[in-house]
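# Descriptive analysis of the structure
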Amino acid sequence: MAEELAAGRWDDLEAALLLWPQRVAELCWDDPLLAVTLQINLPTQRTKAARERWVKERVAAGCPDLAAALLEALAGRPDRFSAFWSELARGDHDHLSLALALWPARVVEKCAEDVDLAARHEVRQF
């Protein structure tokens with residue numbers, strides 16, 4: 001699953017736009033139907049400068065720094081992404097760095113009660 005996401009197999013998902021914004025934005029520029037699928041508007045001007053500006057905006061709106069954490073969390077998981085995401089949202093995987101990035105308040109609260117979890121997230125000193 002992780003390799004497929006990183007390779008671009010699911011670039012028609014909003015998560016791909018957030019995690020790999022450069023790649024997906026460039027694909028959307030070349031394939032306006034993909035932009036429609038992702039519900040993002042392309043600029044009316046189709047110049048090189050407009051493209052560069054638009055891609056830069058998409059990258060700024062994304063969170064590519066979370067891509068590595070997601071790939072690490074998905075490594076070796078044969079189950080469906082939706083099942084993993086439900087578990088992650090529920091708090092079943094709050095030991096992962098991805099959980100801290102996505103739900104910081106919940107994870108920090110758990111870290112306040114669990115010294116080992118705080119050490120894992122490198123927030124024990126706080």
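Predicted, not measured: the structure shown is a model, and the values here were computed from it.

For the rest of this paragraph, the subject is the packing of aromatic side chains. Under the defined criterion, the tally for this structure stands at two aromatic pairs. Between tryptophan 29 and tryptophan 54 the ring centres are 6.0 Å apart and the planes differ by 45°, which places this aromatic pair in the tilted class. Taken as a pair, tryptophan 29 in helix α3 (residues 21-30) and tryptophan 54 in helix α5 (residues 48-61) lie far apart in primary sequence, 25 residues in all. Tryptophan 54 carries the same exposure label as tryptophan 29, and that label is buried. On the numbers, 5.8 Å between centres and 50° between planes, the contact of tryptophan 85 with tryptophan 103 is tilted. Here tryptophan 85, found in helix α7 (residues 81-90), pairs with tryptophan 103, found in the loop between α8 (97-102) and α9 (104-113); they are 18 residues apart in sequence, far enough to count as distant. Tryptophan 103 gets classed as partly exposed once you look at its relative accessible area, which sits at 23%. A cation sits over an aromatic face here: arginine 46 above tryptophan 29, 4.1 Å from the ring centre.

Time to look at helix α6 (residues 67-74). Ala67, Ala69, Leu70, Ala73 and Leu74 are the residues of α6 that are buried. All buried residues of α6 lie within an arc of 165° about the axis, which places them on one face of the element. Seen from the open side of α6, the exposed residues pointing more than 90 degrees away from its buried face are Ala68 and Glu72. Looking at the buried residues of α6, the elements they touch are α1 (2-7), α2 (14-19), α7 and α8.

Attention shifts here to unusual backbone geometry. The phi dihedral of glutamine 39 falls on the positive side, at around 60°, and the residue is not glycine. Locating glutamine 39 in the fold gives a position in the loop between α4 (32-37) and α5. A positive phi angle, close to 60°, is found at glutamate 122, a residue other than glycine. Counting through the fold element by element, glutamate 122 comes out in the segment after α10 (115-120). Given the relative accessible area of 62%, glutamate 122 is considered exposed.

How each quantity is defined
- Residues numbered from 1 in each chain as written.
- Predicted model: local features only at pLDDT ≥ 70, side-chain atom pairs only at ≥ 80, totals over all residues.
- Heavy atoms only, no water.
- Phe/Tyr/Trp six-rings, centres within 6.5 Å; stacked < 30°, edge-to-face > 60°.
- Helix = DSSP H or I, 4+ residues; strand = E, 2+ residues; numbered from the N terminus.
- Buried < 20%, exposed > 50% of the residue type's maximum accessible area, 1.4 Å probe, protein only.
- Lys NZ or Arg CZ within 6 Å of the ring centre and 35° of its normal.
- Arc of directions from axis to C-beta.
- Contact = heavy atoms within 4.5 Å.

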